[in-house]
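Structural overview for review
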Amino acid sequence: MGLKDIDNKWFFTELHPIFKIPGFFVKGDLIVLLPLVVAILFIGLFSLKFMLVALGIYIAVRHLGEMIYWFSHQFNVRTYRPDDMGFKKLDNHAVYILYQTLAIVGTVIGLGIVTFSLLYVK
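Scope of this entry: the structure provided in the associated data block. Every residue gets a number counted from 1 within its own chain, in the order that chain's sequence is written. Local features in this predicted model are restricted to residues whose pLDDT is 70 or higher, and side-chain atom pairs enter the listing and the counts only when it is 80 or higher, whereas totals over whole chains, interfaces and linings include all residues. Side-chain calculation: all heavy atoms of the structure are included, whereas hydrogens and water are not.

Quick look at the overall build of the chain
What counts, and what does not: Strands here mean DSSP runs of E at least two residues long; helices mean DSSP runs of H or I at least four residues long; both are numbered from the N terminus. When accessible area is computed with a 1.4 Å probe and restricted to protein chains, residues below 20% of their type maximum are described as buried, those above 50% as exposed, and intermediate ones as partly exposed.
A tally of regular secondary structure across the chain gives four helices and zero strands. Written out in order from the N terminus, the α and β elements of the chain read α-α-α-α. Taking the principal axes of the C-alpha coordinates as reference, the chain spans close to 50 × 30 × 25 Å. Scored against the burial criterion, the 122 residues of the chain give a buried share of 34%.

Right under this line is the structure:
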């Protein structure tokens, strides 16, 4: 399955409840967030302390992002379509979620770099 084959039905399919523990709510979340969580867990091979910090940042940012998303969702109309990054069959709602999850990845990476610098760089 390529990017052009992913449609809204696949993207918005709910996942098994076990996937909700790390903050994956629909299959579309896996596109961006699963590699991030795997990378955070991989960090644990080198530093358990930094992995826990990064995981804490991810959890906080993910849930804050979800809160903001659902709060704003109540009051806004989704008419603007940003670049769909090759996901031609997704509607605006799905594309917005991709942007939100990409922003979460960037925020976690940024806060992780800051934290790493503060903890380990002299």
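Now that the structure has been shown, the text picks up again.
Concerning the side chain of Ser 47
This is how it is decided: Two N or O atoms form a polar contact when they lie within 3.5 Å of each other; inside protein one atom must be a possible hydrogen donor and the other a possible acceptor, and for residues adjacent in sequence the pair counts only when both atoms belong to side chains.
Note that Ser 47 resides in the loop between helix 2 (27-43) and helix 3 (48-73). A distance of 3.1 Å separates polar atoms of two side chains, one belonging to Ser 47 and the other to Tyr 120.

Thoughts on the nonpolar core
Heads up, the condition is: By nonpolar core we mean a set of buried residues, namely Ala, Val, Leu, Ile, Met, Phe, Trp, Tyr and Cys, connected to one another through side-chain atoms within 4.5 Å. Throughout, a residue-residue contact means that at least one pair of heavy atoms, one from each residue, lies within 4.5 Å.
Counting residues in each nonpolar core, the largest one holds 25 residues, and the members touching the most others are Phe 24, Leu 33, Leu 36, Ile 40, Tyr 58, Leu 90 and Val 108. Breaking this core down by element, the ones donating at least two residues are helix 2, helix 3 and helix 4 (92-120). No other element matches helix 4, which puts seven residues into this core. If sequence neighbours within four positions are ignored, Leu 36 has contacts with Tyr 58, Val 105 and Val 108.

A word on the packing of aromatic side chains
Quick note on the threshold: Here a pair means two rings of Phe, Tyr or Trp (six-membered ring of Trp) with centres within 6.5 Å. Their orientation is stacked below 30 degrees between planes, edge-to-face above 60, and tilted elsewhere.
Evaluation of the coordinates by the stated rule reveals seven aromatic pairs. Summarising the aromatic geometry, the rings of Tyr 69 and Trp 70 are spaced 4.8 Å apart at their centres and angled 80° between planes, so their arrangement reads as edge-to-face. The exposure class of Tyr 69 is buried, given its relative accessible area of 10%. Residue Trp 70 is classed as partly exposed on the basis of its relative accessible area of 44%. Ring centres of Phe 71 and Phe 75 lie 5.4 Å apart, and the angle between their planes is 65°; this geometry places the pair in the edge-to-face category.

Quick look at the packing of helix 3 against helix 4
Convention followed: Helix axes use the C-alpha atoms of the stretch in contact, all axes being lines fitted to C-alpha atoms, and the angles between their N-to-C directions lie in the range 0 to 180 degrees. Take the far helix as the reference: if the near one is turned anticlockwise from it by less than a right angle, the crossing is left-handed, and if turned clockwise, right-handed. Asp, Glu, Lys and Arg are counted as charged, while Ala, Val, Leu, Ile, Met, Phe, Trp, Tyr, Cys and Pro are counted as nonpolar; the rest, among them Gly, fall into the polar class.
As a packed pair, helix 3 and helix 4 sit with axes 9 Å apart at the nearest point and diverge in direction by 150°. In the crossing of helix 3 with helix 4, the sense of the turn from one axis to the other is right-handed. Among the residues forming the contact of helix 3 with helix 4, the class breakdown is 14 nonpolar, eight polar and three charged.

Looking at the environment of Gly 86
Topologically, Gly 86 is positioned in the loop between helix 3 and helix 4. Separated by 84 residues in the primary sequence, Gly 86 and Gly 2 place their C-alpha atoms 9.5 Å from one another. Ignoring any residue separated from it by four or fewer positions in sequence, one finds Gly 86 in contact with Leu 3 and Lys 4.

What about the pattern of salt bridges?
As a reminder of what qualifies: Within this document, salt bridges are pairs made up of a side-chain nitrogen of Lys or Arg and a carboxyl oxygen of Asp or Glu, the two lying within 4 Å of each other.
One pass over the structure, following the stated rule, counts five salt bridges. Here Glu 14 ties to Lys 20 by a salt bridge, and the two come within 3.0 Å at their closest N and O atoms. A salt bridge links Asp 84 to Lys 88, with the shortest nitrogen-to-oxygen separation between them at 3.4 Å. Among the charged side chains, a network of salt bridges with common partners joins Asp 29, Arg 62 and Glu 66.

Quick look at the side chain of Asn 92
With respect to the helices and strands, Asn 92 occurs in helix 4. Residue Asn 92 is classed as buried on the basis of its relative accessible area, which comes to 15%. Here the side chain of Asn 92 touches Thr 79 through a polar contact of 3.4 Å, landing on its backbone oxygen. A polar contact of 3.0 Å, which involves the side chain of Asn 92, links it to the side chain of Arg 81. If near-sequence neighbours (up to four positions away) are discounted, Asn 92 is found in contact with Arg 78, Thr 79, Tyr 80 and Arg 81.

Take it as geometry only, folks, not as evidence of what the structure does.
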